[in-house]
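# A closer look at the structure
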Amino acid sequence: MIRLYGKVEQSVMDEKILQEAVEEQGPKEEAGQISKEEGISFNAVLQLRLEYKNILKIEHLWEFTSLTKLQLNNNLIQKIEGLANLTNIKWLDLSFNNIEKIEGLETLTKLEDLTFYNNKISCIENMDTLNNLTFFAIGNNCLGQLDNVIYLRRFKNLHTLNLAGNPVAQEANYKLFIAAYLSDLAYLDYRLLNGETKKQAFAKYQYAIEEIRHNELQTLKATEAEQKRQEELQQHQEAFVENLNGSELFDSMFAQDPEAQKLNQLPGVADLPQLVGLCIQMFQSGFAEQKLREAEVKAFLEVLQEAVREKQQRSAQLVSDFEKHRKKRILDLKQVEDAAKEEAQVNQYMTEIKTLCDSCLLLELQLVDQLEEIIKDFERNITDMVGSFIETVQGIYPFHTIVHSNPHYAPAPLCRDLENHLHEEIKDIAMATLEKVAKNEVEDDLPDDVRALFVDKETVMNAVGASHDSHMLRIDNREDKLVTRINAWMMNLIKKIQDEEVWRNRKCISEIQYFIQHLRNQLEEVLHQE
């Protein structure tokens, strides 16, 4: 099973060995010679054979991004590594090596055919992302736990499995166990699993299979619920109102405030108004504003792209009109014999090239001016929308003096006002409780740790005041977080749009200059031929 490498010359998977392999497997004869002279780009190679080369370590494959089939069998490889960039690979053969652990396959999500035959692997693991796996050969390894095969149930497309030569294959119920737990499997150790075998297998392991199916269903439901929760959270984060659609802000005020937790157990405190209604109001407002911002961005991109398309069409028409006469101009130059006529025609052609260049540059300049106005309008609109949302938020979180543009604007009860109101109510309840404690009239069910607060007025007032300060800090921090994030989003969006426009303009100018220079080079070639 183990390939010896103490007495053989080990090879390094360097650029030389890769280049030789690519050339060996590339086109032959004249086409092969041309490919060799011009060079073959590694990122264009689809299949690569590197077997029987005594390779010890997988490396330098990062350029082979288009590879779909890789053969690394019959080498001295000890660890699976260096494959992260091969995201298009579908067929991987690592048989006849010295691999002890399955790892390094996380990014190979398109993998369908995987072979580890004749290695030193003792556990099937770390393959969770290989959802497209249909063929898996891991025979002649060190798999000793039959239950480990249950791991393969996650691969719903797996139809062929080879485990022959492993200790598990010697188990008495090996075949029935595999057929029961991998019920969709068609071939085991290259032999068909017929209907009768599967029927016997299910009868033997029926209760265990039903239990595992139940557990898998529960896990699936939990996974789908968590995925849905994460998707909703992502949507809420994009609207900058995550965790504001419930009591989380209010709950967080007490989560790390033991004094507040104690005060919250006083009779009547739990019945006081909470911040939940205001949070939900802000959440709904944030979602509505997010839809408006999305619509604004979409409309902007449509206008921008339409302007670019129109300019491209006009430029293409200029080039098309020029091309209609270019071939005739070149043919006339080749046929003219009089030097004076030739010079006149060359000057005329150069003038036409310059006119084309000027016309294309003028179109680009006009587009730049047009897009500048479009982008400025968008900046104004999105800035106003973000400002309006921040104004709404700070109307609910009144930490600043708000002068609203709408004279009829009347915000609902505000977070700070409500917290101040809660503070006064809790203070009154606490003082009343202190009096009852002093008179020994307090209810018997008041917890001891809460009762311990009511030693004297100073202790009670300190606890109530510290709790109030903590709550105000929580509200303040949540406002700062929202305002900071939406401002950062706006600035990053505007910068991205501006950067992309600069890049587009420079690319367009370069293309025009390249094309014009190409026309001039063509003219030079014609003149030199004469």
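Look a little higher up for the structure.
The following refers to the structure shown.

Another aspect to go through is the overall build of the protein chain. Along the protein chain, the regular secondary structure elements total 11 helices and eight strands. Taken over C-alpha atoms, the radius of gyration comes to 37 Å for the protein chain, far larger than the 24 Å a tight globule of 530 residues would show. Summarising its shape, the C-alpha atoms of the protein chain cover approximately 120 × 85 × 45 Å along the three principal directions. Scored against the burial criterion, the 530 residues of the protein chain give a buried share of 37%. Sequence separation of at least 24 residues holds for 58% of the intrachain contacts in the protein chain that already meet a minimum separation of 6. For the protein chain, the accessible area works out to roughly 30,300 Å², and carbon and sulfur atoms hold 50% of it. On the protein chain, the mean spot of the 59 positive side-chain charges and the mean spot of the 89 negative ones are 6 Å from each other.

Side-chain pairs of opposite charge can arise where the charged atoms are in close proximity. Under the defined criterion, the tally for this structure stands at 18 salt bridges. Between Lys-311 and Glu-364 there is a salt bridge whose closest N-O contact spans 3.1 Å. Here Lys-311 is found in helix H7 (residues 276-335), whereas its partner Glu-364 is found in helix H8 (residues 339-396), with 53 residues between them in sequence. Of the two residues, Lys-311 and Glu-364, neither departs from the other in class, the shared state being buried. For Lys-354, the salt bridge is made with Asp-358, and the minimal N-O distance between the two is 2.9 Å. Of this pair, Lys-354 and Asp-358 both sit in helix H8, four residues apart, which is roughly one turn of that helix. A single salt-bridge network, built from bridges that share partners, covers Lys-311, Glu-364, Glu-501 and Arg-504.

Here we take up the nonpolar core. Core analysis: the biggest nonpolar cluster contains 61 residues, and Leu-70, Phe-136 and Ile-178 have the highest contact counts within it. Of all the elements in the fold, those that place two or more residues in this core are helix H1 (15-25), helix H3 (174-181) and helix H4 (195-238). Among the elements that line this core, the one with the most residues is H3, at six residues. Setting aside chain neighbours within four positions, we find Leu-70 in contact with Leu-48, Leu-50, Leu-61, Leu-83, Leu-86, Ile-89, Trp-91, Leu-92 and Asp-93. Among the nonpolar cores identified, the runner-up in size contains 40 residues, and Val-241, Leu-249, Leu-367 and Met-490 belong to it.

Below, the discussion takes up a negative patch on the surface. Together, Asp-14, Glu-15, Glu-20, Glu-24 and Glu-63 line one region of the surface with negative charge. In this structure, Glu-63 sits in the loop between strand S1 (47-49) and strand S2 (69-71).

We now examine the environment of Cys-360. Topologically, Cys-360 is positioned in helix H8. Sequence separation between Cys-360 and Ser-183 is 177 residues, and the spatial gap between their C-alpha atoms is 66 Å.

So, on to the environment of Thr-87. You can see Thr-87 is positioned in the loop between S2 and strand S3 (91-93). With relative accessibility at 35%, the residue Thr-87 sits in the partly exposed group. Thr-87 sits 22 residues away from Thr-65 along the chain, and the two C-alpha atoms are 6.7 Å apart. The contact partners of Thr-87, leaving out residues within four places of it in the chain, are Thr-107 and Lys-110.

It is worth spelling out the packing of aromatic side chains at this point. The tally for this structure, following the rule as stated, stands at 12 aromatic pairs. Measuring from centroid to centroid gives 4.3 Å for Phe-300 and Phe-378, while their planes differ by 20 degrees, and the two rings are stacked. With Phe-300 in helix H7 and Phe-378 in helix H8, this pair connects stretches of sequence that are 78 residues apart. Judged by its relative accessible area of 2%, Phe-378 falls in the buried class. Following the ring pairs from residue to residue traces out a cluster consisting of Phe-177, Tyr-181 and Tyr-205. The ring of Phe-389 carries the charged tip of Arg-293 above its face, separated from the ring centre by 5.5 Å.

Positionally, Arg-478 belongs in helix H11 (residues 457-529). Put simply, Arg-478 is tucked away with no salt bridge, and the nearest opposite charge, on Glu-242, sits 4.0 Å away. Here the side chain of Arg-478 touches Glu-242 through a polar contact of 2.9 Å, landing on its backbone oxygen.

A word on helix H9 (residues 415-438). Taking 1.5 Å per residue as the helical rise, H9 with its 24 residues ought to reach 34 Å, and the 34 Å between its terminal C-alpha atoms agrees with that figure. Asn-440 lies just past H9 and shows a positive phi near 60 degrees.

Take the packing of H3 against H4 next. For the pair H3 and H4, interaxial distance at closest approach is 8 Å and the crossing angle is 60 degrees. On the basis of their axis angle, the class for H3 and H4 is oblique. The chirality of how H3 crosses H4 is right-handed. Mapping the contact onto sequence places Lys-175, Leu-176, Phe-177, Ala-179, Ala-180 and Tyr-181 in H3 and Thr-197, Gln-200, Ala-201, Phe-202, Lys-204, Tyr-205, Ala-208, Ile-209 and Ile-212 in H4.

Conventions adopted
Residues numbered from 1 in each chain as written. Predicted model: local features only at pLDDT ≥ 70, side-chain atom pairs only at ≥ 80, totals over all residues. Heavy atoms only, no water. Helix = DSSP H or I, 4+ residues; strand = E, 2+ residues; numbered from the N terminus. Rg over C-alpha atoms; globule rule 2.2 N^0.38 Å. Buried < 20%, exposed > 50% of the residue type's maximum accessible area, 1.4 Å probe, protein only. Contact = heavy atoms within 4.5 Å. Areas by Shrake-Rupley, 256 points an atom, 1.4 Å probe, with all protein chains shown as cover. Lys, Arg positive; Asp, Glu negative; His and termini not counted. Charge placed at Lys NZ, Arg CZ, Asp CG, Glu CD. Salt bridge = Lys/Arg side-chain N within 4 Å of Asp/Glu carboxyl O. Core = buried A, V, L, I, M, F, W, Y, C linked by side-chain atoms within 4.5 Å. Patch = residues over 30% accessible without salt bridge, like charges linked within 9 Å, V, L, I, M, F, W, Y side chains within 5 Å. Phe/Tyr/Trp six-rings, centres within 6.5 Å; stacked < 30°, edge-to-face > 60°. Lys NZ or Arg CZ within 6 Å of the ring centre and 35° of its normal. Polar contact = N/O pair within 3.5 Å; in protein donor to acceptor, adjacent residues only side chain to side chain. Expected span 1.5 Å × (residues − 1). Axes fitted to C-alpha atoms, helices over the stretch in contact; angles between N-to-C directions. Parallel < 35°, antiparallel > 145°, perpendicular 65-115°, else oblique. Left-handed = near helix turned anticlockwise from the far one by under 90°.

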